[in-house]
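Here's the letter readout for the chains.
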Amino acid sequence: MAVDSVFSSPLGPPACEKDAKALQFIEEMTRNADAVQQRVLDEILTRNSQTEYLKRFQLDGVSDRQTFISNIPVVTYEDLQPEIQRIANGDRSPILSAHPISEFLTSSGTSAGERKLMPTIKEELDRRQLLYSLLMPVMNLYVPGLDKGKGLYFLFIKSETKTPGGLLARPVLTSYYKSDHFKTRPHDPYNVYTSPNETILCADSFQSMYTQMLCGLYEREQVLRLGAVFASGLVRAIRFLQLHWQQLAHDIRTGTLNSQITNPSVCERMGKIMKPNPELADFVTDECCKENWEGIITRIWPKTKYLDVIVTGAMAQYIPTLDYYSGGLPKACTMYAASECYFGLNLNPMCKPSEVSYTIMPNMGYFEFLPHDPTTTTTTSSPNNLVDLVDVEVGKEYELVITTYAGLYRYRVGDILRVTGFHNSAPQFHFVRRKNVLLSIDSDKTDEAELQGAVENASKLLREFNTSVVEYTSYADTKTIPGHYVIYWELLMKDLNNSPSDEVLNQCCLAMEESLNTVYRQGRVACNSIGPLEIRVVKNGTFEELMDYAISRGASINQYKVPRCVNFAPILELLDSRVTSRHFSPSLPQWTPERPH
């Protein structure tokens, strides 16, 4: 029931008084975007004026925009690494932030092949919680009645480590789920999950997924929305059901828990939930034993109104699979965030995935934008060319540059965004892509240099056979579950009587995996979110045909470069029609949750 018009919002009639306040806050922030931005910058620079970093650039306590722009350089992670390393090693002096660094958030972006460590402070949890609190009030404008049921969300924590100086280093969502903000959150009828906290906070990915799925099946009639952080996570959950439905049905039938679930707090919590339900077990069996899994989500959870998953950027590749499993349910991308900072939210969450735009909330940090030319794939790095939040132009692309309360100043995030419009004076952005990322299946990101290094390392195994890799390209195959990297190799074999065996080429797959970053290897080993890497050997001359095809479509013969990653269907068809053999990584690469250096 919408509340009285006293609480009405330009966004629409709020569902309750609490929603009305949230929508009013969005309106205030976006109406006064530039004033809010000036206040945020002043707060950040004033409180951090005595930090080593700001003193180095002679701000002398000045906090106005022009002095900031003139004195402070635009930086990348590599520029800040010495400072971050000192903090990681235990230096507690105010280097970047006047407030103590409470932990490091590990970014899935790669830096020399490893996770980036993003400094954060305790109060950032309040800011993140604030943005989360705005999501359901917006969603309730579009989907009524969400207080009449529950959300089945597959949420997971990942491993955490300590830096040499004793600070925790962990992914931003692990930090949030383990915080009191999440664990002791007040009851909200519009935001109830089927998964108890104990199942989400279980570090074993199998036990966590199994018990969250079990709870979701027990409460199938209550479920109004299904979600995971990334589309890949929801696809993986459905695949998990495909593989384990018999055991899940057995547990439901008997009211007993699978012996593989050994986590004490999970077992205790599940003991209060589980009871024999032969009727439900029969239903699960009847649905899951069918060969056709089309629409399985709405068959098992018939009241589902939408899927809550990120399907922008690299995650767009999962849209057809989710459409298949859900019968084309709407997919809501609700917010835009990163380890460095939470940025904004989608004020039209039920739009098509291709039309998703995020409204930047100007209170979250100080935002600048580096003009990006999509035709040259470069950004200008002159600080004088940066544009303020309210001054971006519709239709243009920019790289996001942020200044945060936790001590990042004019930091290049690496996200390329296109301006689609404005809500009041706050711009709305379509996420185009991560800069320089070639391949991504889950939260992994592999760039061109890393792929090149992996190919070079693997090709060393071919030397004794007088064989070399002439040319290569790649693509992220998400038709398999989990998805996996496919690398096309054209080989030059100088001695056909001594060509590399299948076993050697399988080892090449493993050698490539060993060369890829920690996030990739963690996905392979600990999260089961990435499948074994595959090398497809193609006939000689295949890459010449690829060039001929590109030129026939208008590419310049003088400027043609072999694309290191392809996803255009006709090119993939051409490559696959020339494959002579396929090889897979025979085992898991090495991975342990290492101490950040």
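What comes next is a walk through the structure. (Residues numbered from 1 in each chain as written. Predicted model: local features only at pLDDT ≥ 70, side-chain atom pairs only at ≥ 80, totals over all residues. Heavy atoms only, no water.)

Further remarks concern the environment of Met 136. For Met 136, the location among the structural elements is in helix H6 (residues 124-142). Residue class for Met 136 comes out buried when judged on its relative accessible area of 8%. The sequence separation of Met 136 and Ile 72 amounts to 64 residues, and the corresponding C-alpha distance is 38 Å. Apart from the residues lying within four places of it in its own chain, the contact partners of Met 136 are Asp 19, Leu 146, Tyr 190, Asn 191, Arg 225 and Tyr 306. (Helix = DSSP H or I, 4+ residues; strand = E, 2+ residues; numbered from the N terminus. Buried < 20%, exposed > 50% of the residue type's maximum accessible area, 1.4 Å probe, protein only. Contact = heavy atoms within 4.5 Å.)

In this model helix H2 (residues 33-47) runs 21 Å from its N-terminal to its C-terminal C-alpha over 15 residues, within 8% of the 21 Å that 1.5 Å per residue would give. Considered for burial, the residues of H2 that qualify are Ala 33, Val 36, Gln 37, Val 40, Leu 41, Ile 44 and Leu 45. All buried residues of H2 fall inside an arc of 160 degrees around its axis, so they share one side. Residues of H2 that are buried in the fold lie against helix H1 (17-31), helix H3 (52-56), helix H4 (65-71), strand E12 (366-373), strand E15 (397-403) and strand E17 (426-434). (Expected span 1.5 Å × (residues − 1). Arc of directions from axis to C-beta.)

Bringing the sheet that holds strand E6 (residues 223-230) into the picture now. A sheet is described by the order of its strands in space; here four strands give the open sequence E3-E6-E7-E8, paired in parallel fashion. Edge positions in the sheet fall to strand E3 (150-154) and strand E8 (331-332), since each of these pairs with one other strand and no more. Here E3 runs beside E6; their pairing, made up of five bridges, is parallel. What sits directly across from Leu 152, in E6, is Leu 226. The strands that helix H11 (residues 231-254) touches are E3, E6 and strand E7 (306-310); relative to E6, the one it contacts most, it runs at about 120 degrees. (Pairing = 2+ DSSP bridges. Axes fitted to C-alpha atoms, helices over the stretch in contact; angles between N-to-C directions.)

On to the pattern of salt bridges, then. A full pass over the atoms with the stated rule returns 38 salt bridges. One salt bridge in this structure joins Glu 198 and Arg 269, with 3.5 Å as the shortest N-O distance. Taken as a pair, Glu 198 in helix H9 (residues 197-200) and Arg 269 in helix H12 (residues 264-273) lie far apart in primary sequence, 71 residues in all. A relative accessible area of 27% places Glu 198 in the partly exposed class. The exposure class of Arg 269 is partly exposed, given its relative accessible area of 29%. A salt bridge links Arg 253 to Asp 282; the shortest N-O distance between them is 2.9 Å. Of the two residues, Arg 253 is situated in helix H11 and Asp 282 in helix H13 (residues 278-288); the sequence distance between them amounts to 29 residues. Salt bridges linked by common partners bring Glu 52, Arg 56, Glu 83, Arg 86 and Asp 91 together as one network. (Salt bridge = Lys/Arg side-chain N within 4 Å of Asp/Glu carboxyl O.)

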